[in-house]
Number of protein chains: 2
Amino acid sequence: MKEIAMSPVFPRVLILGFGAFGRLIARHLRPHLRVAICDPDPVARADAGALGLSLADVAQAGDFDLVVLAVPVPALGDCLCALAPHLRPGQMVMDVCSVKQGPADLMRRILPGDVGILGTHPMFGPQSMPGDLAGGRVVLCPVRDGAGALRWRRIAAFLRRVAGLRVIVTTPDEHDRHAALTQGLTHLLARAMADFRPHPLIRTRSFDLLAEALDMVGADAPELFEAVTQGNPHLDPLRERFARLLLAPGRDVQTGA
Amino acid sequence: MKEIAMSPVFPRVLILGFGAFGRLIARHLRPHLRVAICDPDPVARADAGALGLSLADVAQAGDFDLVVLAVPVPALGDCLCALAPHLRPGQMVMDVCSVKQGPADLMRRILPGDVGILGTHPMFGPQSMPGDLAGGRVVLCPVRDGAGALRWRRIAAFLRRVAGLRVIVTTPDEHDRHAALTQGLTHLLARAMADFRPHPLIRTRSFDLLAEALDMVGADAPELFEAVTQGNPHLDPLRERFARLLLAPGRDVQTGA
């Protein structure tokens, strides 16, 4: 019996992956929840230990109410395969990838059917919100609830009330459609604009703002660029439409593939 | 004799065109200089009169030390032709167009050889700097000084010391090369992004900043869009390079024309 672990009052959380985003989550969750870290990298383990965080092995995953997958998108499949045999009915597994359809499909395919699945996309990172999370946005894509007490609505309530986040609930497909513009295209624009450095001195206030926004995007990890540009099936038609508009403003020419 | 008009202490300024930008200039110059407005539009004349500004006809242009052409780029040629017969040796003529090579060529061609010519591009407008100009940037492209006391360096000193502007001195061609990126391309990006409205709720802080910058550009007058996109000979190769980068980030494919 796992009475304590199943307690709705004080869930136990295992964070898989102690990279930049795993660290950000750990810092914000530990005042409220019991947090342990799982990361095979010795440096990450040492860092987590130095911060007073518990360490756990993936084989202990069944001891937790919630498993947060804070790994890069390309590592997700392997991570899920390593995790799946150790899960028990009623646990909840949550990813934090910047695209949602691909990871949701992977989790549904690899995880046992009695485990709950919640896709999440925190629309902030260590760069854009180094301090308090209040006012930040997080997108939730509930895939399914498990048999346990920890259901996605309770996680939503925690993120809203305790972390002060603005919670947006949608489907993985709808998320990816929106993010193709606001994240995928934004990253492509940042990458393209970076090619024109150094930016000239002759410029307007609007250009300063534009450069500031694109610099913020450019400061994101390279893996994020790969994830949001290659992992979003809605991006390609959108970047082609944008390029056409750029070359012929005022008329959106519909060309064949 | 035009002793007073030629006085280096208190020059007389004629502003041709009382549109949004002419009004902005008039408001900032009148505490320091004697300002008159020339605009054939009865509404503009009434507005200028109501603000206590003197009115003048283009035939009186010879009475001023400095003539500021605050007209849209497409109207510049006609305006110069109407103005030229009334100028006298030693006067200074200054444009405020957002591109510099075309207007500089026009002024050199149409204005008498003994009249000074100064190309200027104030990198701000009624939208971006509705109040104080301090900290704003202005680009000066000195074409030639006339025989009079009012030389371009004196105008530069006034803009720097009295208006608090940051003065950048360059050639018309160099200006247009820089502005192709920071103004022409920025306007094209704003126009393209506007096609994707309404912007989705699912977005990052960087996207908010990006949208804010492009909204600021989009609020500019439509004539400005035409001027900076059609009047800048350096924009076309640049927009094509940007579109290529957008479609294939990481590799700038050199294609033939």
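Note that residues are indexed from 1 along each chain, following the sequence as it is written. A letter from A marks each chain and a number from 1 marks each ligand, given out in the order of writing. Only residues with pLDDT of at least 70 are given local features in this predicted model, and only at 80 or more are side-chain atom pairs given and counted; all residues enter the totals for whole chains, interfaces and linings. Values shown for side chains rest on all heavy atoms present in the structure; no hydrogens or waters enter the calculation.

S.K.: Sorry, what's going on with the overall build of chain A here?
M.R.: Counting secondary structure elements, chain A contains ten helices and eight strands. For 257 residues, the compact-globule estimate of 2.2 N^0.38 gives 18 Å, and the C-alpha radius of gyration of chain A, at 20 Å, lies within 12% of that figure. Viewed in the frame of its principal axes, chain A has a C-alpha envelope of about 65 × 40 × 35 Å. Three exposure classes are used, based on accessible area relative to the maximum for each residue type with a 1.4 Å probe and protein chains only: buried under 20%, partly exposed in between, and exposed over 50%. For chain A, the residues scored as buried account for 53% of the 257 residues in total. To be clear on the numbers: accessible area is Shrake-Rupley with a 1.4 Å probe, and residue cover counts the displayed protein chains and nothing else. Total accessible area on chain A is roughly 11,100 Å²; 56% of this is exposed by carbon and sulfur atoms. What counts as a helix is a DSSP run of H or I of at least four residues, what counts as a strand is a run of E of at least two, and both are numbered from the N terminus. Put simply, the radius of gyration uses C-alpha atoms, and a globule should come to 2.2 Å times the residue count raised to 0.38.

S.K.: Can you help me understand the domain arrangement of chain A in this one?
M.R.: How large an interface is tends to be reported as the accessible area lost when its parts come together. Residues and elements named next belong to chain A. Throughout the structure description, domain borders are defined by an automatic or database domain assignment. Domain boundaries assigned for chain A yield domain 1 (3-170) and domain 2 (174-247). Between the C-alpha centres of domain 1 and domain 2 there is a distance of 28 Å. Whether two residues are in contact is decided by their heavy atoms: any pair within 4.5 Å suffices. Each partner contributes to the interface: domain 1 provides eleven residues, whereas domain 2 provides twelve residues. As a working definition, buried area equals the accessible area (1.4 Å probe) given up by two parts on being put together, with both sides summed. For the pair domain 1 and domain 2, the summed buried area comes to about 940 Å², and 64% of that belongs to carbon and sulfur atoms. Summed over the three residues of domain 1 that lose the most area to domain 2, namely Ser98, Val99 and Gln127, the buried surface amounts to 46% of that side. Any Lys or Arg side-chain nitrogen found within 4 Å of a carboxyl oxygen on Asp or Glu counts as a salt bridge. Connecting domain 1 to domain 2 are zero salt bridges. Here the side of domain 1 that touches domain 2 is built from residues that sort into four nonpolar, six polar and one charged. Amino acids are sorted into nonpolar (Ala, Val, Leu, Ile, Met, Phe, Trp, Tyr, Cys and Pro), charged (Asp, Glu, Lys and Arg) and polar (every other residue, Gly among them).

S.K.: What is the right way to read the nonpolar core from this model?
M.R.: One recurring pattern in soluble globular proteins is that nonpolar side chains are buried together. If you look at the biggest cluster of nonpolar residues, it comprises 46 residues, and the most contacted ones within it are A:Leu189, A:Phe242, B:Leu189 and B:Phe242. Secondary structure elements with two or more residues in this core: α7 (172-194), α8 (205-218) and α10 (235-247) of chain A together with α7 (172-194), α8 (205-218) and α10 (235-247) of chain B. Remark: nonpolar core denotes a set of buried residues (Ala, Val, Leu, Ile, Met, Phe, Trp, Tyr, Cys) joined through side-chain atoms within 4.5 Å.

S.K.: When you look at the sheet that holds strand β8 (residues 166-169) of chain B in this model, what are you seeing that I'm missing?
M.R.: Backbone-to-backbone hydrogen bonds join strands into a sheet, with any given pair of strands oriented parallel or antiparallel. All names here are of chain B. A strand pair is defined by DSSP finding two or more bridges across the two strands. In space, the eight strands of this open sheet follow the order β3-β2-β1-β4-β5-β6-β7-β8, with mixed pairing throughout. At either margin of the open sheet sits one strand with a lone partner, and together these are β3 (54-55) and β8. As paired strands, strand β1 (residues 12-16) and strand β4 (residues 66-69) are joined by four bridges and run parallel to one another. Within β4, the residue paired with leucine 16 across the bridge is leucine 69. Axis definition: a line fitted to C-alpha atoms, over the contacting stretch in the case of helices. Angles run 0 to 180 degrees between N-to-C directions. Along the sheet, helix α6 (residues 152-161) contacts β4, β5 (92-95), β6 (116-122), β7 (137-144) and β8; its crossing angle with β7, the most-contacted strand, is approximately 170 degrees.

S.K.: In this structure, what is going on with the packing of helix α4 (residues 76-83) of chain B against helix α5 (residues 101-110) of chain B? I would like to understand it.
M.R.: A pair of packed helices is captured by two measures, namely the crossing angle of their axes and the spacing between those axes. All names here are of chain B. At their nearest, the axes of α4 and α5 sit 10 Å apart, and the two run at 25 degrees to each other. In this view, α4 runs roughly parallel relative to α5, as classed from their interaxial angle. Note on packing geometry: the crossing formed by α4 with α5 is right-handed. Between α4 and α5, the residues in contact are Leu76, Gly77, Leu80 and Cys81 and Pro103, Leu106, Met107 and Ile110, respectively. Residues of the contact of α4 with α5, tallied by class, amount to seven nonpolar, one polar and no charged. With respect to orientation, any angle under 35 degrees is reported as roughly parallel, any angle over 145 as roughly antiparallel, any angle of 65 to 115 as roughly perpendicular, and every other angle as oblique. Each helix crossing is assigned a hand: it is left-handed if the near helix lies turned anticlockwise from the far helix by less than a right angle, otherwise right-handed if that turn is clockwise.

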